Amino acid sequence: MPITILLADDHAMVRRGLHVFLKTQQDMQVVGEASNGQEALDRAQELEPDVVLMDLHMPVMDGIETARRLRGLLPKTRIIVLTSFSDQDHVVPAVRAGVRGYLLKDIEPEDLAVAIRNVYSGQVELHPAAAGQLMHVMASMDMLLDTQQGVQASTGAALQPSDQNEQQIVSRESLDTGLELLTRREREVLGLITQGLSNKEIAARLVITEKTVKTHVSHLLDKLGLADRTQAALHAVRNGWEL
């Protein structure tokens with residue numbers, strides 16, 4: 001049986017090129033196409049493909065949200081992102097959403113075919129640039145945790161905050177339970193950060209000003225003892241927080 005594939009990209013020429021190439025692979029079959037995230041979701045439920053190969057930036061519903069919903073609806077379907085972006089703000093949310101492959105559009109056709117086969121067989125495929133970003137973020141988090149653990153060791157005990165506005169806990173245990181320090185709105189903002197949304201997009205989603213979003217981001221970073229949005233997203237992912 002061939003590997004059945006659904007293509008999702010808002011550019012018809014990209015879909016056409018992928019279709020033409022994949023048609024040359026005897027063990028693969030393109031069973032459908034979609035031009036936006038919602039259509040990809042609908043077509044996937046209809047066709048139940050083995051693999052969904054999709055872009056991140058699509059109209060109606062972006063790739064991150066599409067992947068998250070697909071994972072819930074079709075857990076056996078493997079999701080591969082084929083995009084032009086390899087920065088942390090795209091890679092981390094995509095991995096959290098459940099994608100099994102993160103590839104860039106400059107990939108060689110034969111390498112794409114190999115990646116599809118590997119993901120179908122249960123492996124994870126990451127472009128070196130994406131893997132590098134994840135390693136960088138993980139290393140940053142480990143350094144942060146080690147530093148905070150060192151502070152706790154030198155003082156003899158972790159700092160205990162009396163309320164949400166005071167100094168945050170500096171131990172590993174506190175980082176694992178830091179979600180309770182956040183307000184409902186801060187949790188909403190953090191959840192959208194992990195999906196890869198910008199401050200402007202978060203403001204539009206929550207119907208608040210961009211300045212207010214920046215304030216929430218600043219507060220949640222202070223409470224969690226983190227340096228930036230990427231660390232916040234990864235921290236939420238690593239602790240399995242449901243936001």
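Here, every reference points to the structure presented above.
These numbers were taken from a predicted model, which means no experiment stands behind them.

A. Up close: the overall build of the protein chain. When its secondary structure is counted, the protein chain shows 11 helices and 6 strands. Counting across all 243 residues of the protein chain, residues that qualify as buried make up 45%. For the protein chain, long-range pairs separated by at least 24 residues make up 63% of all intrachain contacts whose partners lie at least 6 apart in sequence. About 12,300 Å² of surface is accessible on the protein chain, with carbon and sulfur atoms providing 51% of the total.

B. Structural view of the side chain of Gln-25. Structurally, Gln-25 can be placed in the loop between α1 (12-22) and β2 (28-34). For Gln-25, the side chain forms a polar contact with the side chain of Thr-24, separated by 3.1 Å. Contact partners of Gln-25, with chain neighbours within four places excluded, come to Glu-110, Ala-113 and Arg-117.

C. Expanded view of the pattern of salt bridges. Considering all chains together, one arrives at 10 salt bridges under this definition. The residue Glu-188 makes a salt bridge to Arg-184 at a minimum N-O spacing of 2.8 Å. Here the residue Glu-188 and the residue Arg-184 both occupy positions in helix α8 (residues 184-194), the gap between them amounting to 4 residues, near one helical turn. When its relative accessible area of 28% is taken as the criterion, Glu-188 is described as partly exposed.

The rules behind each value
- Residue positions are counted from 1 within each chain, in the order its sequence is given.
- At least 70 in pLDDT is required for a residue's local features to be given in this predicted model, at least 80 for side-chain atom pairs to be given and counted, and no such filter applies to totals for whole chains, interfaces and linings, which use all residues.
- The basis for every side-chain value is the complete set of non-hydrogen atoms in the structure, without hydrogens or water.
- Where helices and strands are cited, they refer to DSSP runs of H or I of at least four residues and of E of at least two residues respectively, numbered from the N terminus.
- Accessibility here uses a 1.4 Å probe with only protein chains present; expressed as a share of the type maximum, an area under 20% marks a residue as buried, one over 50% as exposed, and anything in between as partly exposed.
- Residue contacts follow a heavy-atom distance rule, with two residues in contact if any of their heavy atoms lie within 4.5 Å.
- Per-residue accessibility takes into account occlusion by the displayed protein chains alone, with areas from the Shrake-Rupley method and a 1.4 Å probe.
- Polar contact is defined as a pair of N or O atoms within 3.5 Å, subject to the rule that within protein one atom must be able to donate a hydrogen and the other to accept it, and that residues adjacent in sequence are counted only when both atoms are side-chain atoms.
- Salt bridges are defined as contacts in which a side-chain nitrogen from Lys or Arg sits within 4 Å of a carboxyl oxygen from Asp or Glu.

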